[in-house]
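For reference, the chains in residue letters:
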Amino acid sequence: MAHENGLITGEDGRTRCFWPGDLPDYLAYHDAEWGRPVTDDIRLFEKICLEGFQAGLSWLTILRKRENFRAGFAGFDFRKVALFDDADIERLVADKGIIRHRGKIASTINNAKRAIEMVDEFGSLAAYFWAHEPGPDERPAVVDYATLTANPTTAVSTRISKDLKKRGWSFVGPTTVYAFMQAMGLVNDHLEGCCCRAEVEALRNSFERPV
């Protein structure tokens, strides 16, 4: 049962953010992945690309196709994806298991090349993204439903988006970047009252930021 405060209590008796509903795969993603700090470059690259594919769709659609995306895009190893050619684009456009958007497929290959440049400059994608982690003064005092729904983008996500575009990345608008930040743990947007919020906060507190 969803409440106007954005929380929902599941059949297991745990109270969570509303958005996974009662779908087992979505609940597993909410409980075990979303908001937990990530420093693995492959996972960071995968997520920023999949958020680009998600634009205009639900994340659940992408989540349920994620393994197909991984199969099609060499596990999102950006050093491999950067070598994809026109034949790979045609192969992916014909792949019914993914979102067959030619522009976004080409964008993923482009972004893989940009990712290599970023690693050369910063040492890792993780070092780049975590350097943009919002400070306490850039975060809401309370993470509640009203705050979250009113702010699909933030000053920080807009800043990162502009910088990525300047570096030649594509399909990285401020909303896409903010969804990426939420998922990869650069912010903890589990709502106040969600059973995962304190756990994710503890992980973020003990988390060693990459440099």
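Keep in mind that what you see is a predicted model, and the values were worked out from it rather than measured. (Residues numbered from 1 in each chain as written. Predicted model: local features only at pLDDT ≥ 70, side-chain atom pairs only at ≥ 80, totals over all residues. Heavy atoms only, no water.)

A. Region of interest: the overall build of the protein chain. Helices and strands together make up the secondary structure of the protein chain, namely 12 helices and 2 strands. Relative to the compact-globule value of 17 Å for 211 residues, the protein chain shows a C-alpha radius of gyration of 17 Å, a close match. Counting over 211 residues, the protein chain shows a buried share of 48%. A separation of at least 24 residues holds for 65% of the contacts in the protein chain among residues at least 6 apart in sequence. Across the protein chain, the mean location of the 27 positive side-chain charges is 4 Å away from that of the 31 negative side-chain charges. (Helix = DSSP H or I, 4+ residues; strand = E, 2+ residues; numbered from the N terminus. Rg over C-alpha atoms; globule rule 2.2 N^0.38 Å. Buried < 20%, exposed > 50% of the residue type's maximum accessible area, 1.4 Å probe, protein only. Contact = heavy atoms within 4.5 Å. Lys, Arg positive; Asp, Glu negative; His and termini not counted. Charge placed at Lys NZ, Arg CZ, Asp CG, Glu CD.)

B. A look at the environment of Ile-105. Of note, Ile-105 is situated in helix α7 (residues 102-122). A residue is classified by how much of its surface remains accessible, and Ile-105, at 0% relative accessible area, is buried. On a C-alpha basis, the gap between Ile-105 and Ile-89 in space is 6.6 Å, while along the polypeptide they are 16 residues apart. Not counting residues up to four positions away in its chain, the partners in contact with Ile-105 are Phe-53, Phe-73, Ile-89, Leu-92, Val-93, Ile-98, Ile-99 and Arg-100.

C. Local environment of the packing of aromatic side chains. Overall, the coordinates contain 16 aromatic pairs when judged by the stated rule. Their ring planes at 65° and their centres at 5.2 Å tell us that Phe-122 and Tyr-128 sit as a pair that is edge-to-face. A residue is classified by how much of its surface remains accessible, and Phe-122, at 31% relative accessible area, is partly exposed. Among the aromatic residues, those joined into a ring-pair cluster are Phe-45, Phe-53, Phe-69, Phe-73, Phe-76, Phe-78 and Phe-84. Geometry around Trp-59 places Lys-47 over its ring, the cationic atom sitting 3.1 Å from the centre. Here the guanidinium or amino end of Arg-91 rests over the ring plane of Phe-84, the centre of that ring lying 5.3 Å away. (Phe/Tyr/Trp six-rings, centres within 6.5 Å; stacked < 30°, edge-to-face > 60°. Lys NZ or Arg CZ within 6 Å of the ring centre and 35° of its normal.)

D. Spotlight on the pattern of salt bridges. All chains considered together, the criterion is met by 21 salt bridges. Residues Asp-88 and Arg-91 are paired through a salt bridge, measuring 3.0 Å at the closest nitrogen-oxygen approach. You can see Asp-88 and its partner Arg-91 sitting in helix α6 (residues 86-93), 3 residues apart, about one turn around the helix. A single network of salt bridges, built from pairs that share partners, joins Asp-12, Arg-14, Arg-16 and Asp-31. (Salt bridge = Lys/Arg side-chain N within 4 Å of Asp/Glu carboxyl O.)

E. Broad picture of the nonpolar core. Phe-45, Phe-69, Phe-73, Leu-125, Phe-129, Leu-164 and Met-181 are the most contacted members of the largest nonpolar core, which has 52 residues in total. Contacts of Phe-45, omitting those with residues within four sequence positions, involve Phe-76, Phe-78, Thr-108, Asn-111, Ala-112, Ala-115, Leu-125 and Trp-169. One finds Cys-17, Val-143, Leu-191 and Cys-196 within the second-largest nonpolar core, a separate group that totals 6 residues. (Core = buried A, V, L, I, M, F, W, Y, C linked by side-chain atoms within 4.5 Å.)

F. A look at helix α11 (residues 174-183). The buried fraction of α11 amounts to 8 of the 10 residues, a majority that puts the element mostly inside the structure. Where α11 is buried, its residues meet α1 (24-32), α2 (41-54), α8 (125-130), α9 (145-150) and α10 (155-166). Looking at the residues trailing α11, positive phi occurs at Gly-185, about 85°.

G. Molecular detail of the packing of α10 against α11. In the contact formed by α10 and α11, the axes pass within 8 Å of each other and the chain directions differ by 115°. In this view, α10 runs roughly perpendicular relative to α11, as classed from their interaxial angle. α10 and α11 meet at a crossing whose hand is right-handed. Of the residues in α11, those in contact with Val-156, Ser-157, Thr-158, Ile-160, Ser-161 and Leu-164 of α10 are Pro-174, Val-177, Tyr-178 and Met-181. Split by residue class, the contact of α10 with α11 holds 7 nonpolar, 3 polar and no charged. (Axes fitted to C-alpha atoms, helices over the stretch in contact; angles between N-to-C directions. Parallel < 35°, antiparallel > 145°, perpendicular 65-115°, else oblique. Left-handed = near helix turned anticlockwise from the far one by under 90°. Nonpolar A, V, L, I, M, F, W, Y, C, P; charged D, E, K, R; others polar.)

H. Structural view of helix α12 (residues 197-206). When we look at burial in α12, the residues that qualify are Arg-197, Val-200 and Arg-204. Down the axis of α12, the sector holding all buried residues measures 70°, keeping them to one side. The outward face of α12, more than 90 degrees from its buried face, is lined by the exposed residues Ala-198, Asn-205 and Ser-206. Contacts from the buried residues of α12 go to α8. (Arc of directions from axis to C-beta.)

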